[in-house]
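# Structural characterization, general
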There are 4 protein chains.
Amino acid sequence: MLKKISYMTAGESHGKGLTGIIEGIPAGLELTEEYIAIDLLRRMQGHGRGKRMKIEKDFAEIFSGVRHQITLGSPIALIIKNLDWVNWEDRMAVGKPKKDHKKVTMPRPGHADLAGVMKYDFDDIRNVLERSSARETAMRVAIGAICRKLLEDVGIQIGSRVYQIHDIVDTKAIDKDLNMSKLNSLADKSSVRCLDKDAEKKMIDVIDQAKNNGDSVGGSFEVIATGMPYGLGSYINADGKLQARISQAMMSVNAFKGVEVGAGFASSAVFGSELHDEILYENNKITRSSNNAGGIEGGMSNAQPIHVKVSMKPISTLIKPLRSIDLTTMEPKLAHKERTDSCAVPAASIIGESMLAIVLADALLEKFGGDSMEQLRKHIESSGKY
Amino acid sequence: MLKKISYMTAGESHGKGLTGIIEGIPAGLELTEEYIAIDLLRRMQGHGRGKRMKIEKDFAEIFSGVRHQITLGSPIALIIKNLDWVNWEDRMAVGKPKKDHKKVTMPRPGHADLAGVMKYDFDDIRNVLERSSARETAMRVAIGAICRKLLEDVGIQIGSRVYQIHDIVDTKAIDKDLNMSKLNSLADKSSVRCLDKDAEKKMIDVIDQAKNNGDSVGGSFEVIATGMPYGLGSYINADGKLQARISQAMMSVNAFKGVEVGAGFASSAVFGSELHDEILYENNKITRSSNNAGGIEGGMSNAQPIHVKVSMKPISTLIKPLRSIDLTTMEPKLAHKERTDSCAVPAASIIGESMLAIVLADALLEKFGGDSMEQLRKHIESSGKY
Amino acid sequence: MLKKISYMTAGESHGKGLTGIIEGIPAGLELTEEYIAIDLLRRMQGHGRGKRMKIEKDFAEIFSGVRHQITLGSPIALIIKNLDWVNWEDRMAVGKPKKDHKKVTMPRPGHADLAGVMKYDFDDIRNVLERSSARETAMRVAIGAICRKLLEDVGIQIGSRVYQIHDIVDTKAIDKDLNMSKLNSLADKSSVRCLDKDAEKKMIDVIDQAKNNGDSVGGSFEVIATGMPYGLGSYINADGKLQARISQAMMSVNAFKGVEVGAGFASSAVFGSELHDEILYENNKITRSSNNAGGIEGGMSNAQPIHVKVSMKPISTLIKPLRSIDLTTMEPKLAHKERTDSCAVPAASIIGESMLAIVLADALLEKFGGDSMEQLRKHIESSGKY
Amino acid sequence: MLKKISYMTAGESHGKGLTGIIEGIPAGLELTEEYIAIDLLRRMQGHGRGKRMKIEKDFAEIFSGVRHQITLGSPIALIIKNLDWVNWEDRMAVGKPKKDHKKVTMPRPGHADLAGVMKYDFDDIRNVLERSSARETAMRVAIGAICRKLLEDVGIQIGSRVYQIHDIVDTKAIDKDLNMSKLNSLADKSSVRCLDKDAEKKMIDVIDQAKNNGDSVGGSFEVIATGMPYGLGSYINADGKLQARISQAMMSVNAFKGVEVGAGFASSAVFGSELHDEILYENNKITRSSNNAGGIEGGMSNAQPIHVKVSMKPISTLIKPLRSIDLTTMEPKLAHKERTDSCAVPAASIIGESMLAIVLADALLEKFGGDSMEQLRKHIESSGKY
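About the cut-offs
Note that residues are indexed from 1 along each chain, following the sequence as it is written. The lettering of chains begins at A and the numbering of ligands begins at 1, in the order of writing. Predicted model: local features are reported for residues with pLDDT of at least 70 only, side-chain atom pairs are reported and counted for 80 or more only, and whole-chain, interface and lining totals are derived from all residues. Think of the side-chain values as coming from all heavy atoms in the structure, minus any hydrogens and water. Any two residues whose heavy atoms approach within 4.5 Å at even a single point are treated as in contact. When two parts are put together, the accessible area they lose, computed with a 1.4 Å probe and summed over both, is reported as buried area. Here, a salt bridge means any side-chain nitrogen of Lys or Arg that lies within 4 Å of a carboxyl oxygen of Asp or Glu. What sets the superposition is a least-squares fit of C-alpha atoms, and only residues with pLDDT of at least 70 in both copies go into it. Strand pairing is assigned whenever DSSP identifies at least 2 bridges connecting the two strands. Strands here are runs of E lasting at least two residues and helices are runs of H or I lasting at least four, both read from the DSSP assignment and numbered beginning at the N terminus. Note on exposure labels: buried denotes an accessible area under 20% of the residue type's maximum, exposed denotes more than 50%, and partly exposed covers the range between, all computed with a 1.4 Å probe on protein chains only. Aromatic rings from Phe, Tyr and Trp, with only the six-membered ring used for Trp, were paired whenever their centres fell within 6.5 Å, and each pair was classed as stacked if the ring planes differed by under 30 degrees, edge-to-face if by over 60, and tilted otherwise. Over a ring means this: the NZ of a Lys or the CZ of an Arg is within 6 Å of the ring centre and within 35 degrees of the ring normal. Residues adjacent in sequence count toward polar contacts only when both atoms are side-chain atoms; beyond that, a polar contact is any pair of N or O atoms within 3.5 Å, and within protein one must be able to donate a hydrogen and the other to accept it. Axis lines are fitted to C-alpha atoms, over the contacting stretch for helices. Their N-to-C directions set the angle, which ranges from 0 to 180 degrees. Reported orientations rely on four angle classes, namely roughly parallel under 35 degrees, roughly antiparallel over 145, roughly perpendicular from 65 to 115, and oblique for the rest. Should the near helix be turned anticlockwise from the far one by less than a right angle, the crossing is left-handed, and should it be turned clockwise, the crossing is right-handed. Side-chain classes are defined by residue name, with Ala, Val, Leu, Ile, Met, Phe, Trp, Tyr, Cys and Pro counting as nonpolar, Asp, Glu, Lys and Arg as charged, and the others, Gly among them, as polar.

## Topic: the interface of chain A and chain C
Between chain A and chain C, the contact holds 24 residues from the first and 23 residues from the second. Of the roughly 1800 Å² buried between chain A and chain C on both sides combined, carbon and sulfur atoms contribute 41%. Of all residues in chain A, Ile236(A), Lys367(A) and His379(A) give up the largest surface area on contact with chain C, accounting jointly for 27% of the area buried on that side. Applying the counting criterion to the chain A and chain C interface returns two salt bridges. Of the charged contacts in the structure, one is a salt bridge between Asp371(A) and Lys367(C), with a shortest N-O distance of 2.5 Å.

## Some details on the relation of the copies chain A and chain B
Overlaying chain A on chain B yields an RMSD of 0.0 Å, the required transformation being a rotation through 180° with an accompanying axial translation of 0.0 Å. Taken together, these values place the two copies in the relation of a two-fold axis. For chain A, the residue whose C-alpha comes nearest the rotation axis is Gln248(A), separated from it by 2.3 Å. Take the interface residues of chain A: 100% of them recur as interface residues in chain B, which is what a same-surface contact looks like.

## What about the pairing of strand β14 (residues 285-288) of chain A?
Residues and elements named next belong to chain A. Note: strand β13 (residues 279-282) against β14, four bridges, orientation antiparallel. Across the sheet, the residue bridging to Glu-282 is Lys-285, located in β14. Counting the residues between successive antiparallel strands, the hairpin from β13 to β14 contains two residues, one of them, Asn-283, with a positive phi of roughly 50°.

## Some points on the pairing of strand β12 (residues 256-261) of chain D
Here β12(D) lies mainly inside the structure; six of its six residues are buried. Looking at chain direction, strand β12 (residues 256-261) of chain C and β12(D) are connected through three bridges and run antiparallel. Of the residues in β12(D), the one forming a bridge with Glu260(C) is Gly258(D). Relative to strand β17 (residues 306-312) of chain D, β12(D) runs antiparallel, the two being bridged by five bridges. Its bridge partner being in β17(D), Glu260(D) is matched across the sheet by Lys309(D).

## What to know about the relation of the copies chain A and chain C
When chain A is fitted to chain C, the best match, at an RMSD of 0.0 Å, comes from turning it 180° and sliding it 0.0 Å along the axis. Both copies present the same face, since 96% of the interface residues in chain A are matched by interface residues at the equivalent positions in chain C.

## Considering the sheet that holds strand β6 (residues 70-72) of chain C
All names here are of chain C. Strand order in the open sheet formed by three strands is β3-β6-β5, and the pairing between neighbours is antiparallel. The open sheet has two edge strands with one neighbour each: β3 (27-30) and β5 (66-67). Note that β3 and β6 share two bridges and pair antiparallel. Note that in β6 the partner of Glu-30 across the bridge is Ile-70.

## Side note on unusual backbone geometry
Although it is not a glycine, Ala303(B) sits at a positive phi angle of roughly 75°. For Ala303(B), the location among the structural elements is in the loop between β16 (300-302) and β17 (306-312). Residue Ala303(B) is classed as partly exposed on the basis of its relative accessible area of 33%. Positive phi, close to 50°, is recorded for Asn283(C), a residue that is not glycine.

## Focus on the environment of Val359(C)
All names here are of chain C. Its location among the elements puts Val-359 in helix α10 (residues 345-368). For Val-359, a relative accessible area of 8% puts it in the buried group. The contact partners of Val-359, leaving out residues within four places of it in the chain, are Leu-242, Arg-245, Ile-246 and Ala-249.

## Notes on the packing of aromatic side chains
What the rule picks out here adds up to 14 aromatic pairs over all chains. Here a set of aromatic residues connected by ring pairs shows up, and it is made of Tyr120(A), Phe122(A) and Tyr235(B). The ring of Tyr163(A) carries the charged tip of Lys309(A) above its face, separated from the ring centre by 5.4 Å.

## Quick look at the interface of chain A and chain B
The partner chain B presents 102 residues to the 102 residues of chain A that form the contact. For the pairing of chain A and chain B, the buried interface totals around 8100 Å² over both sides, and the portion due to carbon and sulfur atoms is 60%. For the interface between chain A and chain B, the tally reads four salt bridges. For Arg323(B), the salt bridge goes to Glu278(A), with nearest N and O atoms at 2.8 Å. Remark: the boundary between chain A and chain B carries 47 residue pairs in polar contact (both at pLDDT 80 or more). In terms of residue count, the dominant contributor to the side of chain A that touches chain B is helix α3 (residues 113-120) of chain A (seven residues).

## A short note on the packing of helix α1 (residues 33-44) of chain C against helix α5 (residues 137-153) of chain C
Residues and elements named next belong to chain C. In the contact formed by α1 and α5, the axes pass within 9 Å of each other and the chain directions differ by 130°. With respect to each other, α1 and α5 are oriented oblique. In the packing of α1 onto α5, the handedness of the crossing is right-handed. Residues Tyr-35, Ile-36, Asp-39, Leu-40, Arg-42 and Arg-43 of α1 pack against Thr-137, Ala-138, Val-141, Ala-142, Ala-145, Ile-146, Arg-148, Lys-149 and Glu-152 of α5. Taken together, the residues of the contact of α1 with α5 sort by class into eight nonpolar, one polar and six charged.

And the structure:
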């Protein structure tokens, strides 16, 4: 299987900053740091974020690959500096530190800590937690924003909303014909990114309750892409299937524990005759009676909106820490405390949008090729089908 | 990201047969066609299978890569012949057919048919359905069996069971200390691969009901791997995360619409303090109070059993077909009818085991290296941790 | 970096046969076994081949991926049966052998034997030599033929000729405007695939001399592709460079020890002002004063013919074997004898054509995309540049 | 095929700087910016470099992935700032430029210019030349230095020397038992990195001659790795062959036009009995009579030194430019002038070392696995063979 879009990220949570490189974006795409900043800002919002989100303001500097606001077809490098670096300069120094620093030795349940030190032979959990931190997703959002720009330019839009926090479910349906930028502007107005005002209030309450108890809550969100052509992804092999690629991307975020496409797990409980989306022909167009498939049949986009739901677990770092052990003595201890949001589900939904954007841009370029945006557009138009 | 284990499959449902090649299996692994046959047979079982499963008996011939029952380290080729080829020889001929064959022009909702013809410019849906068919999973099971053998030889075992068919849920818990081969022998005794006898009866009933109505049902299953070391997978990048690789593998099966690890979607609804698996030290061993993480923290195995749940939608081909259109005229028609199981969830759980086996063998070899089973074992032992 | 065309081969030299799977060929390409057979036959020719080439007649059966002489877009599986299998059935049995077989324990200098047993912990060199054999290149030629067909359909042609065997050099230049099918028909008429009749005679003589001495000779050949568009490959990263991909492909054949593009090593010895191909505009077309770059500048095709030269060492198995040791005793012994051509350079040039075809088809699809030949053609035409 | 070591680079020649990320380096490797600086400095040396090399002093800042001089197993990010950025700030601005800048419209023969604008639909060659510039190799050398450190820690050393500039050949043989750090210190003392003093003088003369004529010269160098174990690389597939991977890496540098392993092209002209390296047993050790194979048999390292030769063409940018055309008018013009070394072969040999280091580190980790240097060492020792 190929990747037309590939990317790497680097950087520790309290290091100098995050670095990212994305390869495969065609030449000729208009791109600015301001555009990327929008999604970075959206990721920092949400009721229940800790202190860090309040003091910081992530900004992704485009370091190369763009000239005079136009992509060059070259790899694009991004840097998000750690604005708090001055407080970590010695503890996280690349070179020799000036003084000794206390090691972290009590692994946090739910986090990479324990498995990480076992994997890498570390005696300091900080060497794990700095990279396994959710901080890295800031760079993914920046990279996702670039892919989103490419998709937008050919008519594909991505939106999301939170539909559950803890046991509070926002049952308000998304209007079938809602534009995704409209969905996002509705959801972005809510501090929990849900649509229903009653649900919003209850969600805020349960977050506050968790916060007051030194606890954390998770939730679920849905991501939708509209304007899809037929045939992104493939049925010919395991690697090509679009839902597999989307699932891989979503589940590559540590806190995400489940993913489903269309009706998902609910598909299990209905008869085939109730589930499958019938094929109709109306107004000179092929239409469907429903979208339980979530826009993917046989591993390919079917020109319906892509619809994905993702579950996020409660954050693993708790103010009132869980039982753990000290790895130097194996004595029972409370787990290490580090950065502390009580809820990050609204931010997670932005990350979900970003991951979907990366996958869809990759699949689009795989199908249509093209080294420049002009070529990509011509290739798409040449099919006469979209 | 690397793949130590890579594989390709080829073959259409009614063609000459399926071909598979797997690369990366170390030299020195004992392997026989009989061993592979066990999982192929398990995949063919289950209440609700159609006629084809009854007449066929899949057999994967090892065509190369194994000598005197020992793997050579070379690519292993497998061939599963289509025992019904004689009836399809002209319709599916590689060369010039002797006569014209009726084209399939009514796409089945839920299947690859419509998106497939759009993607590839076909005027005959058969060109799509032959490859997009679930038949291909027979080869994946054969390839998965080879990976399973490797895992077994280093103490990792994989088992599964069906816990839901349609709206019938088998709530019987799997005993925490149950051996996976024991789990499989229990589940294999049931024609729906569940554990509870009452649930089994109801599941059979709902399958029969679907069958009588020309309808189909889906369901859900769970797959478990025991004997896991610490540190398979990685937190350092998106591609390395173990849960992402497992999700990719599971969701690469067309009919699978959702996947979750550990508590999965249920994680959303509990507090962090209730969810995360506390770290204890008992009898000179690190233990955990629970396994809600499903054996994966921070994208790595944490030495707890891997626990994955997967949802399968009802089969898309219905005896009582859904509404569709004829693509040559755009007139309303009923969808094409092809092969017809009314339920394939028990088989799906075997496919799930196979996909997990492939991912875990890949991640194991990624961590430990080794060109022969002897080297692999020495590398594992040298760590002193497992 | 992506691969649009990927393939795997499997099979041991004296096993049941070779298997190959190629993924990424668009749907709608006309393809027959007869077409593939042409290149397989060309690979079997040449003065200096041993007995096996004379008794065998390789035939690649298309096992799947093609229907009614048209590719399906699905993976294409190929099988080349070992016509001599009956004589090896027990020695190379996949299952338990009926009797013991003598182990091969004297490694041949120049072959994979020694490093292979060290790598895989074998006590029988046969486990190495069966897969490391040049036999595998038969499947690469079959796969290359499929790629060649695709290229031909969009106007790219590949030809080759041998220009050196041992110290005999055919200095006859290839006519600048010679059509590649014409070049191949000229070269194919010679049993050493060279163009000059005097050189041919001397080459045959030196091969006979080697044969009479139980020795072997190598040589060099050149491969050319015409009809190239601008911009296959890329300068943006190391993996994308076209000359890197070609070199990788060529040097993946064991006996090939050197590769050069255009003027190659000779580039070292001239001034820049003498070497670089000046850019002219003649008859409303950009032309070049020469093609010392071999059709590649900055890692991209530059619309000039691709020109590659490759060196093949003498075959490592000698009738009059070299000094070696018995690995069971470390006593000095003569090396093992196995299959024995005295010269295989003409065959090597066909393999070179095949490897180039695979790389160019991959790079073409990478640039232009397209799931069907129709789409590929439309994408190419839409640029208006080719 | 897998990659254990993967990397990306980004950055334009006159942009803000180069960025690189390398993934796959185990945890626990000692690494400093000073160590990397050594090879960067070596790359900047050599008689015939232009002005830029004299004013600049490349320094690769480790931005992440290393803490307290020890690698974390996380991706390592590197940044090499452009010290001349102030002079290019507006011409190469990521954002909107303050004024118009003259477009480059006369493509340089031998460079990416013409094919690049055709590929990407550019009207300004600067958009091509900035990325296709050899400047990017500075980052590859930095990345190579990290791999070199890893190799050194397990006893593998890499050295090189220039043996030809223009038509001047340094025929002085490298002493068979010469330590590679000794070779490098000898070569580094020469401003053309050759060993023989007479050849050195003549090389300097021919470079000066080229310089005075506004011309350029190329040359050839050899790279050697000692301390190799058996079995890096593989014969089982095309992608695994070590010589293919080395050739790919070398030929991924734009100016490199030929590569050969061991006797290389000279292999063509000798009999098999003269070429192949006989296998002996002396002093309780397997030895070889020669190393014409260049340390690779059957696509694997054979415990002899790896020996690779590479040819570099003269630099394509000439002070006295070649004929070209103006792409806006198609009128004949002289080619664009840009940065101007008259010879860069000594620097090229350092790049060659770096590329070999990357390939060998990848192949080493592929065979032995290991997430930390401690594990890697244990895995290597466990074999008892090295």
